[in-house]
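Breakdown of the fold
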Amino acid sequence: MNADTGNAVTASAVDGGVEAGKGAGNVLEASSVEAGYGERSILRQLDLRIGPGEIYALLGGNGAGKTTTLSLFLGFVEPTAGRVRVDGFDPVAQPVQARRRLAYIPENVALYEHLSARENVAYLLDLAGQYEGDEAIDRALAAAGLQGSAFDRRVGGFSKGMRQKVAIALALARSVPALLLDEPTSGLDPQATSEFNRLLDVLRDRGIAVLMVTHDLLSAADVADRIGFLDGGRLLEEVAADGEDRFNVRALHRRYAEQAA
Ligand SMILES: Nc1ncnc2c1ncn2[C@@H]1O[C@H](COP(=O)(O)OP(=O)(O)OP(=O)(O)O)[C@@H](O)[C@H]1O
C-alpha cells in the first residue's frame, strides 16, 4: 500500500469538526462485502465488525486479502456488493468524513525526516486543521510512549518502533475513533513488539477501534480481543479472547499453519 499517515490527515483537513459518529456500536463495519481489482474478485462475502475499544487482529496467508480489507476502509477499493462503514460513514461516497475518523499506520511509517517528532505531529495536525498547541502534542507523544528526550530530535534517525509512536501520537491528537495497522510488528524485536502491544492497550483504554493486519500470531494472541482468519478473501473463522489464558496459541498456530498450507 502506498498511503501514509499524512494522506488520511490531508484528506481530512477539509471536513470541519468530528461530530459524534453515526455507527451504532461498530466503528469499523464490513457487511457481505464483495470486492476486487478489475474483473478479479478478491474479497468474498466479507463480514467484519469492530467496536470501540476493540483490538481485532486479521491473519491470513500471503494474498489472502488482508491489505485489500484495509484498502476497503480507506476507500481505495470500492465494494461491488455489500456495505462498508467507518464510524457510520461510507469511505467511497463520504471519503472526507470517513478519513477524518481514521488513522492508517503502514508497515513503514512515512514522516518528514528533517523535522523533529514534535514538529511532525504539529505540521500534520496543522494540515488537518486540528493543531491545538504544543502541550496537547507533548501529551499525545508521552501517551504514545515516546521518551521526552526524543520529542525534539529529528525523526530521520528513529527506529521503526519510535516512528510508530509518532504516528500513534498523531492518531491520539486527532482523536480518531478508528486505527488501521498494516503489519505493525514485522521487523520489531521481542522487546519492541511487547512495547508496541502495550501501546495498543492504551488505545483500547481510549475506546479506539483497532484493525491490525499481521502475520505475527504471538503478538495477536498477546494483545487482540478477537482474531480473524482470512483465506482466499473469505473470513473462515473468528476467535475471541477468553479468560486469563486469552487464546490457545498452539491451537491458533495449528489453525494458521493448516490454512497457509
Ligand atoms: N492493486 C492491485 N491490483 C490487482 N491485484 C491486486 C492489487 N493489490 C493486490 N492484488 C492482488 O489481490 C490479492 C490479495 O492481495 P492483498 O495484498 O490484499 O493480500 P494480503 O493478504 O495483504 O497479502 P500479504 O500477506 O502478502 O501482504 C493478491 O492476489 C494480490 O496479488
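What you see as residue numbers is a count from 1 along each chain, following the sequence as written. Where totals are concerned, whole chains, interfaces and linings use all residues; where local detail is concerned, this predicted model gives features only for residues with pLDDT of at least 70, and gives and counts side-chain atom pairs only at 80 or more.

If you look the chain up in an unreviewed UniProt entry, it shows as ABC transporter ATP-binding protein from Parahaliea mediterranea.

Observations concerning the site of the ligand
Filter applied, for reference: To decide whether a residue is near a molecule or strand, its C-beta atom is placed from the backbone and checked for lying within 6 Å of it. A run of DSSP states H or I qualifies as a helix once it reaches four residues; a run of E qualifies as a strand once it reaches two. Both are numbered from the N-terminal end. Three categories are distinguished: nonpolar for Ala, Val, Leu, Ile, Met, Phe, Trp, Tyr, Cys and Pro, charged for Asp, Glu, Lys and Arg, and polar for the others, with Gly belonging to the last.
The ligand sits among Tyr 37, Ile 42, Gly 60, Asn 62, Gly 63, Ala 64, Gly 65, Lys 66, Thr 67 and Thr 68. For the shell around the ligand, the element with the highest residue contribution is helix 2 (residues 66–74), accounting for three residues. For the shell around the ligand, a count of residues per class yields three nonpolar, six polar and one charged.

What about helix 4 (residues 117–127)?
Under the convention used in this document: Exposure is read from a count of other C-beta atoms within 10 Å of each residue's own; the residue is exposed at 12 or fewer, buried at 20 or more and partly exposed in between. C-beta atoms are placed from the backbone. By construction, the arc corresponds to the directions joining the helix axis to the C-beta atoms.
Those residues of helix 4 that fall on the buried side of the exposure criterion are Ala 117, Arg 118, Asn 120, Val 121, Leu 124 and Leu 125. Looking straight down helix 4, one finds its buried side chains confined to an arc of 165°; they lie on one side. Taken from the residues just after helix 4, Gly 129 is the one with a positive phi, measuring 70°.

Points about the sheet that holds strand 3 (residues 55–59)
We apply this condition: Two strands qualify as a pair provided that DSSP identifies no fewer than 2 bridges between them. The axes are straight lines fitted to the C-alpha atoms, using for helices just the contacting stretch, and the angles between their N-to-C directions are given from 0 to 180°. With C-beta atoms placed from the backbone, a contact is any residue pair whose C-beta atoms sit within 7 Å.
Read from one edge to the other, the open sheet built from six strands follows the order 5-6-7-3-8-9, with strand pairing classed as mixed. With partners counted over all chains shown, the strands left at the sheet margins are strand 5 (102–105) and strand 9 (234–240), one partner each. Within the sheet, the average angular offset between the axes of one strand and its neighbour, ignoring direction, is 15°. Taken together, the four bridges between strand 3 and strand 8 (residues 226–231) define a ladder with parallel strand orientation. When the bridges of strand 8 are listed, Leu 59 appears paired with Phe 229. The sheet contacts of helix 2 involve strand 3, strand 5, strand 6 (178–182), strand 7 (209–213) and strand 8, and relative to strand 6 the element is tilted by about 150°.

Side note on the sheet that holds strand 4 (residues 81–86)
Pairing between the strands of a sheet is mediated by backbone hydrogen bonds and can be parallel or antiparallel. Pairing is antiparallel across the open sheet formed by three strands, whose spatial order is 2-1-4. One side of each edge strand has no neighbouring strand; the edge strands of this open sheet are strand 2 (40–50) and strand 4. The sheet shows a mean angle of 30° between the axes of neighbouring strands, direction not considered. Inspection of the sheet shows strand 1 (residues 28–37) paired to strand 2 by seven bridges, in the antiparallel sense. Bridging across to strand 2, Val 33 finds its partner in Leu 46. Lying on the sheet, helix 2 is in contact with strand 1, strand 2 and strand 4; it crosses strand 1 at an angle near 115°.

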